[in-house]
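Residues per chain are reported as follows:
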Amino acid sequence: MPGTDHVATHCPYCSLQCGIRLVSDPVDLTPDDFPTNRGGLCAKGWTAAELLGHPGRLLTPLVRTDRLRPASWTEALDRITAAIQASQRRYGPDSVGCFGGGGLTNEKAYLLGKFARVALRTSAVDYNGRFCMSSAAVAANRAFGMDRGLPFPLADIAETSALMLVGANPLATMPPAARYLDAGKANGATHIVIDPRTTATAARADLHLQPAVGTDLALANGILHVAIREGYADDGYITERTTGFDAVRASVAGYWPDRVERITGVPEHRIKQAVRTLGEAGSAMIITARGAEQHGNGTDTTQAFINLALALGLPGRPMSGYGTMTGQGNGQGGREHGQKADQLPGYRRLADPADRAHVASVWGVDPAELPGPGLSAFEMLDRLGTEGGVRVLLVFGSNPVVSAPDRDRVLNRLRTLDFLVVSDIFLSETAVEADVVLPTTQWAEEDGTLTTVEGRVVRRRRAVTPPLGVRDDLAMLTELAGRLGRGRFFDADPRRVFDELRRASAGGIADYNGISYERIDREQGVFWPCPSNDHPGTPRLFTERFATPDGRARFVPVEQRDPAEAPDRDYPCVLTTGRTMQQYQSGTQTRRTPTLAAAVPEPCAELHPDLARRYGVADGDLVELRSRRGRGVFRAVVTDGVRPDTVFAPFHWGGSSSANALTNPVLDPLSRMPAFKSCAVSITRVGGATDPLPAVAEPAGNTDLEDPC
Ligand SMILES: Nc1nc2c(c(=O)[nH]1)N[C@H]1C(S)=C(S)[C@@H](COP(=O)(O)OP(=O)(O)OC[C@H]3O[C@@H](n4cnc5c(=O)[nH]c(N)nc54)[C@H](O)[C@@H]3O)O[C@H]1N2
Ligand SMILES: Nc1nc2c(c(=O)[nH]1)N[C@H]1C(S)=C(S)[C@@H](COP(=O)(O)OP(=O)(O)OC[C@H]3O[C@@H](n4cnc5c(=O)[nH]c(N)nc54)[C@H](O)[C@@H]3O)O[C@H]1N2
Ligand code: SF4
Ligand SMILES: [Mo]
């Protein structure tokens with residue numbers, strides 16, 4: 001009977017990790033009353049089961065002879081092994097690289113990092129989280145000595161008196177979390193949203209500040225300037241719990257509200273309104289997301305908001321603090337356990353001798369054997385096939401042809417590789433380029449753990465049997481390690497991998513030692529750090545001290561800089577990019593979900609009526625956006641919900657409607673985050689409302705295989 005034999009698991013998509021109950025035969029998906037979603041799901045969660053049994057599913061490995069063709073696992077793995085060995089013999093260990101993903105379970109992310117260091121002995125491993133919250137991570141580490149998306153449970157958001165959301169649109173990106181915003185409003189909270197667009201989230205706020213793209217740092221410094229002047233700085237907290245305030249006070253002295261209004265376009269009186277809202281509230285939270293962070297100065301921008309939170313005495317106080325909305329399903333855990341270029345499990349550092357010794361002892365290898373830190377995601381991609389760069393690349397859980405900045409440059413680099421391996425559920429735009437494609441299991445077919453936006457470790461549970469012919473990523477990595485003569489260090493069983501991860505993380509910042517599958521079952525997830533079996537886990541961080549050596553949070557002075565690419569005569573508008581509710585990331589999964597594809601079949605670019613008039617564009621017309629790097633065609637939506645100097649386009653499509661064909665790959669100097677949220681474009685009307693968009697699939701990709709996307 002449906003409902004009696006269900007398996008409790010979680011949505012395959014974002015970091016909210018909404019609880020789902022799944023019955024396998026016939027498939028029946030219902031929301032669970034889990035603490036993150038309390039019975040809510042968004043359209044993506046509701047339709048996640050449409051991918052089970054999907055006709056486009058990869059069911060056998062593919063190998064390229066001339067074109068991609070089906071092959072046995074033995075042939076596919078033998079070819080990969082031969083390519084790895086030949087490359088490493090000729091060019092050295094670093095000529096083979098791995099590119100991972102924040103959607104991978106903790107077990108997969110951990111094993112991928114270990115596979116790179118122990119089986120391949122390469123320094124070349126990084127992942128798509130570099131494109132996600134790496135700027136917020138660097139800023140949080142600088143200030144707090146630790147980075148966990150939210151340092152408090154989501155439910156606390158309902159209890160705070162004032163909430164400032166900066167470049168975050170949770171009504172579209174985490175819709176069930178709206179319940180916490182609604183509950184807060186019902187409790188009398190005041191909400192401020194900072195976004196160049198009047199998003200669904202902004203429309204419901206009490207105060208919407210609409211700065212020019214890329215000017216948030218000046219806005220934050222301006223707010224802090226006024227807060228100090230009006231006596232809202234919390235001197236007691238600053239003295240007892242922080243260091244470095246004087247330098248920040250001096251650095252914001254020049255951010256007079258009229259100057260900040262000139263830089264940002266946000267009127268002075270609204271800046272003052274924001275200051276009073278935060279300053280007079282009994283409790284307050286400041287939360288950033290990709291709108292503030294995905295810039296060439298994303299780390300400093302995030303730092304400016306952390307400075308503001310610290311000056312107001314928020315972090316570590318009840319129902320208060322600074323947080324960032326982690327994005328991918330395991331965006332949090334995926335950045336803790338070693339698939340990052342500079343990192344070992346538990347947030348340990350590859351460059352630190354004690355950290356190396358600890359992890360090497362868990363792995364049973366000599367610390368001297370572990371490679372050093374490698375290049376960040378875009379830097380690795382940008383050097384593919386070059387002298388000293390990676391020549392054989394293995395991609396697990398990412399689709400960089402759609403999601404990396406400056407698509408044509410990345411595609412060209414991928415095409416110069418000697419050998420590309422992609423593990424995926426579907427033939428993604430990146431898989432189409434591969435020499436070997438490995439078909440993997442998806443969410444409802446596998447076991448593992450993920451760490452939510454709140455730092456809560458939850459379990460993905462197997463509810464249906466995977467189709468014959470697919471293998472999970474753990475099995476693939478273990479098989480490959482065996483073929484490379486390093487099999488004795490690897491195990492494909494998720495629970496045993498997790499137990500090893502616990503030991504490897506023990507004593508680290510992200511300490512999972514006390515978290516077991518059983519505890520997760522009993523306690524509806526466990527918050528890290530959790531150093532021992534009898535430790536309760538840590539839902540709220542920083543209540544007593546920060547994770548810095550002296551226990552104090554650090555202020556860091558930061559200054560507004562001009563964006564890397566300002567509009568000019570040839571490219572007169574600013575393009576910013578982001579998400580729509582019904583599509584997810586590079587779209588591999590959601591563009592193939594019939595209900596979602598019907599709801600949002602095309603990428604739409606939002607233009608203000610003044611801008612549309614200037615270029616003779618009507619609602620529904622086709623527009624070509626062109627940047628210094630490429631062009632893309634989008635359906636125009638004319639709306640006064642976007643600044644008149646700005647165009648917004650989603651990045652969920654590839655082919656001739658790829659937002660990333662346009663974006664600027666300039667990197668934040670500290671986090672190596674690309675400036676996805678800001679580049680200069682021109683606008684040309686290229687068709688009317690009845691004209692179809694050119695095909696949004698990637699160019700044929702040299703395969704005869706049918707893919708009903
Ligand atoms: N539907 C859906 N949900 C998702 C995802 C998805 O692909 N689809 N992806 C998941 C992932 S991985 C992530 S990282 C999160 C991202 O979640 P969000 O950060 O909420 O999403 P974005 O749309 O990237 O950006 C948020 C807002 O930033 C604004 N913005 C653009 N430029 C600027 C700027 O210069 N300053 C400010 N203040 N705001 C600006 C945009 O207008 C946008 O409304 O969503 C997660 N949830
Ligand atoms: N212009 C622009 N570009 C952006 C952004 C933006 O705001 N604007 N946002 C950036 C952000 S925040 C992010 S997080 C990235 C995300 O971009 P991507 O890394 O491309 O993210 P996904 O589309 O989630 O890619 C995951 C791929 O792995 C497959 N997959 C899913 N689960 C598994 C698994 O368990 N194993 C394996 N092997 N494969 C799996 C999926 O089918 C999919 O093809 O995009 C970034 N790119
Ligand atoms: S909010 Fe995120 S986790 Fe929840 S149902 Fe939607 S996509 Fe899934
Ligand atoms: Mo993300």
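Definitions and limits used
Residues numbered from 1 in each chain as written. Chains lettered and ligands numbered in written order. Predicted model: local features only at pLDDT ≥ 70, side-chain atom pairs only at ≥ 80, totals over all residues. Heavy atoms only, no water. Near = heavy atom within 4 Å. Nonpolar A, V, L, I, M, F, W, Y, C, P; charged D, E, K, R; others polar. Salt bridge = Lys/Arg side-chain N within 4 Å of Asp/Glu carboxyl O. Helix = DSSP H or I, 4+ residues; strand = E, 2+ residues; numbered from the N terminus. Buried < 20%, exposed > 50% of the residue type's maximum accessible area, 1.4 Å probe, protein only. Domains from an automatic or database assignment. Contact = heavy atoms within 4.5 Å. Buried area = accessible area lost by both parts, 1.4 Å probe. Polar contact = N/O pair within 3.5 Å; in protein donor to acceptor, adjacent residues only side chain to side chain. Axes fitted to C-alpha atoms, helices over the stretch in contact; angles between N-to-C directions. Parallel < 35°, antiparallel > 145°, perpendicular 65-115°, else oblique. Left-handed = near helix turned anticlockwise from the far one by under 90°. Pairing = 2+ DSSP bridges.

- An unreviewed UniProt entry annotates the protein chain as Nitrite reductase of Kibdelosporangium aridum.

Notes on the site of ligand 3
1) Next: In the vicinity of ligand 3 there are 13 residues, among which Cys-11, Cys-14, Cys-18, Cys-42 and Pro-176 approach most closely.
2) Next: For the shell around ligand 3, the per-class residue count stands at 10 nonpolar, two polar and one charged.

Regarding the pattern of salt bridges
1) Next: According to the stated counting rule, one finds 53 salt bridges in the structure shown.
2) Next: Glu-379 is the salt-bridge partner of Arg-672, the closest N and O atoms lying 2.8 Å from each other. Within this pair, whereas Arg-672 is found in the loop between strand 28 (664-667) and strand 29 (674-675), its partner Glu-379 is found in helix 16 (residues 377-382), the two being separated by 293 residues in sequence.
3) Next: We classify Glu-379 as buried; its relative accessible area is 14%.
4) Next: Arg-460 is the salt-bridge partner of Glu-446, the closest N and O atoms lying 2.6 Å from each other. Here Glu-446 is found in the loop between strand 18 (436-439) and strand 19 (448-451), whereas its partner Arg-460 is found in strand 20 (residues 456-460), with 14 residues between them in sequence.
5) Next: Using a relative accessible area of 6% as the deciding quantity, one classes Arg-460 as buried.
6) Next: Several salt bridges share partner residues, and in doing so they unite Asp-78, Arg-471, Glu-479 and Arg-483 into one network.

A look at the domain arrangement of the protein chain
Interface size is commonly expressed as the accessible area that is lost once the parts come together.
1) Next: You can read the domains of the protein chain as domain 1 (81-132 + 332-527), domain 2 (134-325) and domain 3 (573-687).
2) Next: Taking only C-alpha atoms, the centre of domain 1 and the centre of domain 2 are 33 Å apart.
3) Next: Domain 1 puts 12 residues into the contact, and the matching count from domain 2 is 16 residues.
4) Next: When domain 1 packs against domain 2, the two sides together hide about 1200 Å² of surface, and 52% of this comes from carbon and sulfur.
5) Next: Our count for the contact surface shared by domain 1 and domain 2 stands at one salt bridge.
6) Next: Between Asp-147 and Arg-335 there is a salt bridge; the shortest N-O distance is 2.6 Å.
7) Next: Applying the counting criterion to the domain 1 and domain 2 interface returns nine residue pairs in polar contact (both at pLDDT 80 or more).
8) Next: Here the side of domain 1 that touches domain 2 is built from residues that sort into six nonpolar, three polar and three charged.

Comments concerning the packing of helix 3 (residues 106-120) against helix 19 (residues 473-483)
1) Next: One can describe the packing of helix 3 onto helix 19 by two numbers: an axis separation of 10 Å at closest approach and a directional angle of 15°. The orientation of helix 3 relative to helix 19 falls into the category roughly parallel. Relative to helix 19, the crossing made by helix 3 is left-handed. Together, Glu-107, Lys-108, Leu-111, Leu-112, Phe-115 and Ala-119 of helix 3 and Asp-473, Leu-474, Leu-477, Thr-478, Leu-480 and Ala-481 of helix 19 make up the contact between the two elements.
2) Next: In the contact of helix 3 with helix 19, the residues fall into eight nonpolar, one polar and three charged.

A closer look at the sheet that holds strand 1 (residues 7-10)
1) Next: In space, the three strands of this open sheet follow the order 1-2-3, with antiparallel pairing throughout. What marks the edges here is a single partner per strand, and that holds for strand 1 and strand 3 (27-31). Sheet twist, expressed as the average angle between the axes of neighbouring strands with direction ignored, equals 35°.
2) Next: As paired strands, strand 1 and strand 2 (residues 19-24) are joined by four bridges and run antiparallel to one another. For Val-7, the partnering residue across the bridge sits in strand 2 and is Leu-22.

Section: the site of ligand 1
1) Next: The environment of ligand 1 is made up of 32 residues, and the closest members are Asp-195, Asp-216, Arg-579, Gln-583 and Gln-585.
2) Next: Lys-677 is positioned with one of its side-chain polar atoms (N or O) 2.9 Å from an oxygen atom of ligand 1.
3) Next: Within the residue set of the shell around ligand 1, elements represented by two or more residues are helix 5 (170-173), helix 13 (290-293) and strand 23 (573-578).
4) Next: Each residue belonging to the shell around ligand 1 can be placed in one class, and the counts come to 10 nonpolar, 15 polar and seven charged.
5) Next: Shared between two domains, the shell around ligand 1 takes at least three residues from each, and those domains are domain 2 (134-325) and domain 3 (573-687).

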